[in-house]
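# Observations on the model geometry
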Amino acid sequence: LKETLAVSRIPLEHYAELIGGGEIEELRALAKPLHGRSIEMINSTAVGGGVAEILNRFVPLAEELDLNIKWDVMTGAEDFFDVTKSFHNALHGEPYHASHRDFEIFLAYNEHNRATLPLDAEIVVIHDPQPAALINGRRRPGSNHWVWRCHIDLSHPNRAVWEFLEKFVSRYDGAMFSSPEFSRQLSIPQYLFYPAIDPLSEKNCPLDQDFIEQTLHRYQIDPQRPILTQISRFDRLKDPVGVIRAYRIVKRYFDCQLVLAGGSATDDPEGAIVLKEVMREANQDPDIKILELPAWAPLEVNALQRASTIVIQKSLREGFGLTVSEALWKKKPVVASAVGGIPTQIIHKHTGLLTHSVEGTAYQIRFLLSHPEIAAKLGEHGHQHVKENFLITQKLKRYLVLFLMLTRGT
Amino acid sequence: MVRDFCEAQPQFASQSALERFYFCESVEVTAPLGRSARTLDEFRDNLLHLSHAGFHFHFISSRLRLQLRTNDFSFWLSDGLGLRTLADSINHIDIYTNTLDSARAKMLRLIDRERRKN
């Protein structure tokens, strides 16, 4: 039942060309006192979604620093993921009435995984709410170090769901949040951890122009006209319908196209319903391309982002919104909602433009289409901002510092 | 100051902001990199390969340790090599309008100019 992941490997030294050899040297210096220490990362999906994507790159890099790290995925059936998806939305503030049965299902799957996962590493990092109750598997307080990594925005959670989860979270040795605004008042230490992108992954690496053109051709996207793109799962919190409405306003002034491209994650049963809503709103407009990509289509996503004139992220709620950093890394001008972790990535009028409504989104897109020189400048600044803050090597460094703090004296 | 202001302007004391201020603290972990310099050439070579965090530690956060008068690099260039003019020029690089990379590039240009003098 246990799923241990095969991960993709790029030598750490390959990053030196992008970030400088000094960064790699620093990582090695920080990792040295941690050699041989065991670390276990646990989340709820092996593919799809930002967490799996990060772990897929993070784990091999940590191994290169001689950390004894492994990544396990908890298992669950449809009823578990239905409940955890509802919890996810409720924690983001959506109305939800949690039943006693929901909590039972959640606990039953956590208990089942507790019995099958090793949970014996010196440091155990649990990602997101789904496996939070695995803390029950800790032998005794202080026997090893447990930290909870929360990738979602807990600023306005559904009270019942949060009160249920808090009982588990408060037993960890620390909790990591993507922004101070996402955190709750807790009795345990909290750490600020920005998520990160991998500049050498297939999703972010440089691409041949030929491949980009072939991708546009395959999806019948015209390279001669402006391309507005939102890359996101088909999820109401990403507001794909709002993006179409903003596009329709822009379309009155510019002959542009809209690309809505998204994969699906194994822990998101709602995607198909939202996709239908989006199709209905698009109403067969030939300039709206709705692309349902496979769960893992990194090269296509990369090509679509690189081909875009403007990248949009019009989320209503957001964890961190790593698609923003992906676009900025590619020097793309980004128009995005000022929610979740997006304002950390988009410094308004410096690394992109922030909006608060459909009309505002449309206005900023029109502004950038009219001022391509400003759009280019925003993209340049955005690239530098990501390089200094949101690359996977920075994330690795933060983890090393946390591990050093946790193991100090043990 | 906050107390005096609130006493003088009580109407502002309970005013609510649209967005909260979140108090945070940072933890600094200092790790020796095993690199050192004795000459300006060696210093330049190490500076070129220093990480962002290393550069920030010596050039930006050191100003608080050195009570805002100088930074680690300028202090060593002046004290260790006697290059006071170069040290001053480097200390005057504007850390608010430069990125870490652009500040380092300016520093390298100043060092290269100094090396050409000799």
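Each value, and the rule that gives it
Residues numbered from 1 in each chain as written. Chains lettered and ligands numbered in written order. Predicted model: local features only at pLDDT ≥ 70, side-chain atom pairs only at ≥ 80, totals over all residues. Heavy atoms only, no water. Helix = DSSP H or I, 4+ residues; strand = E, 2+ residues; numbered from the N terminus. Rg over C-alpha atoms; globule rule 2.2 N^0.38 Å. Buried < 20%, exposed > 50% of the residue type's maximum accessible area, 1.4 Å probe, protein only. Contact = heavy atoms within 4.5 Å. Areas by Shrake-Rupley, 256 points an atom, 1.4 Å probe, with all protein chains shown as cover. Lys, Arg positive; Asp, Glu negative; His and termini not counted. Charge placed at Lys NZ, Arg CZ, Asp CG, Glu CD. Salt bridge = Lys/Arg side-chain N within 4 Å of Asp/Glu carboxyl O. Buried area = accessible area lost by both parts, 1.4 Å probe. Pairing = 2+ DSSP bridges. Axes fitted to C-alpha atoms, helices over the stretch in contact; angles between N-to-C directions. Parallel < 35°, antiparallel > 145°, perpendicular 65-115°, else oblique. Nonpolar A, V, L, I, M, F, W, Y, C, P; charged D, E, K, R; others polar. Left-handed = near helix turned anticlockwise from the far one by under 90°. Core = buried A, V, L, I, M, F, W, Y, C linked by side-chain atoms within 4.5 Å.

This part is about the overall build of chain A. From N to C terminus, chain A includes 15 helices and 13 strands. For 410 residues, the compact-globule estimate of 2.2 N^0.38 gives 22 Å, and chain A sits close to it at 21 Å. For chain A, the spread of C-alpha atoms along the three principal axes comes to 65 × 55 × 35 Å. Counting across all 410 residues of chain A, residues that qualify as buried make up 60%. Across chain A, the fraction of contacts at a sequence separation of at least 24, relative to all contacts at a separation of at least 6, is 73%. Total accessible area on chain A stands at roughly 16300 Å², and carbon and sulfur atoms take up 50% of it. The distance from the centre of the 45 positive side-chain charges to the centre of the 51 negative ones in chain A is 3 Å.

For the rest of this paragraph, the subject is the overall build of chain B. Counting secondary structure elements, chain B contains seven helices and zero strands. Across chain B, helices and strands are ordered from the amino to the carboxyl terminus as α-α-α-α-α-α-α. What you see for chain B is a C-alpha radius of gyration of 20 Å, clearly larger than the 13 Å of a compact globule of 118 residues, by over 25%. Taken along its principal axes, the extent of the C-alpha atoms in chain B is 65 × 30 × 25 Å.

With that out of the way, let us pick up the pattern of salt bridges. Residue and element names in this part refer to chain A. According to the stated counting rule, one finds 34 salt bridges over all chains in the structure shown. The residue Glu 13 makes a salt bridge to Arg 28 at a minimum N-O spacing of 2.8 Å. Of the two residues, Glu 13 sits in the loop between β1 (3-4) and α1 (16-19) while Arg 28 sits in helix α2 (residues 21-31), which places them 15 residues apart along the sequence. Exposure remark for Arg 28: the relative accessible area of 33% places this residue in the partly exposed category. Between Lys 251 and Asp 287 there is a salt bridge, with the nearest N and O atoms lying 2.6 Å from each other. Note that Lys 251 is positioned in helix α8 (residues 240-251) and Asp 287 in the loop between α9 (271-282) and β10 (288-292), a separation of 36 residues in sequence. A relative accessible area of 25% means that Lys 251 is categorised as partly exposed. Each of Asp 222, Arg 225, Lys 251, Asp 255 and Asp 287 takes part in a single network of salt bridges with overlapping partners.

On to the interface of chain B and chain A. Contacts between the two partners involve 17 residues from chain B and, on the opposite side, 16 residues from chain A. Together chain B and chain A conceal approximately 1300 Å² of surface at their shared face, both sides included; 61% is due to carbon and sulfur atoms. Looking only at chain B, the three residues that lose the most surface to chain A are B:Tyr22, B:Val29 and B:His52, adding up to 33% of its buried area. Our count for the chain B to chain A interface comes out at two salt bridges.

Before going further, it helps to examine the sheet that holds strand β13 (residues 353-355) of chain A. Residues and elements named next belong to chain A. Across the sheet, six strands lie side by side as β10-β9-β8-β11-β12-β13; this open sheet has parallel pairing. Sheet topology places β10 and β13 at the edges, where each strand pairs with a single neighbour. Sheet twist, expressed as the mean angle between neighbouring strand axes with direction ignored, is 20°. Inspection of the sheet shows strand β8 (residues 227-231) paired to strand β9 (residues 257-262) by five bridges, in the parallel sense. Paired with Gln 230 across the two strands is Leu 260, which belongs to β9. Seen against the sheet, α9 touches β9 and β10 and runs at an angle of roughly 165° to β10.

To continue, consider the environment of A:Phe58. Residue and element names in this part refer to chain A. Mapped onto the fold, Phe 58 is located in helix α3 (residues 50-64). Residue class for Phe 58 comes out buried when judged on its relative accessible area of 2%. Sequence separation of Phe 58 and Leu 353 is 295 residues, and the distance between their C-alpha atoms is 30 Å. Those residues in contact with Phe 58 that sit more than four places away from it in its chain are Met 41, Ile 69, Ile 392, Lys 395, Leu 396 and Tyr 399.

With that out of the way, let us pick up the packing of helix α4 (residues 78-91) of chain A against helix α6 (residues 159-169) of chain A. All names here are of chain A. Across the interface, α4 lies against α6 with an axial gap of 9 Å and an inter-helix angle of 110°. Judged by the angle between their axes, α4 and α6 are roughly perpendicular. Residues Phe 87, Ala 90 and Leu 91 of α4 lie in contact with α6, whose contacting residues are Val 161, Trp 162, Phe 164 and Leu 165. For the contact of α4 with α6, the residue count by class is seven nonpolar, no polar and no charged.

Here we come to the packing of α3(A) against helix α15 (residues 392-407) of chain A. Residues and elements named next belong to chain A. Interhelical geometry of α3 versus α15 gives an angle of 65° and a closest axis separation of 11 Å. Here α3 runs over α15; the crossing is right-handed. Together, Ile 54, Arg 57, Phe 58, Leu 61 and Ala 62 of α3 and Ile 392, Lys 395, Leu 396 and Tyr 399 of α15 make up the contact between the two elements. Grouping the constituent residues of the contact of α3 with α15 by class yields seven nonpolar, no polar and two charged.

Residues and elements named next belong to chain A. Among the nonpolar cores identified, the biggest contains 59 residues, and Met 41, Phe 58 and Phe 403 are the most heavily contacted of them. Secondary-structure elements contributing two or more residues to this core are α2, β2 (38-43), α3, β3 (68-73), β4 (123-127), α11 (322-329), β12 (334-337) and α15. Ranked by residues supplied to this core, first place goes to α15 with nine residues. The contact partners of Phe 403, leaving out residues within four places of it in the chain, are Leu 34, Ile 39, Met 41, Ile 123 and Val 125.

In short, geometric facts, not functional conclusions.
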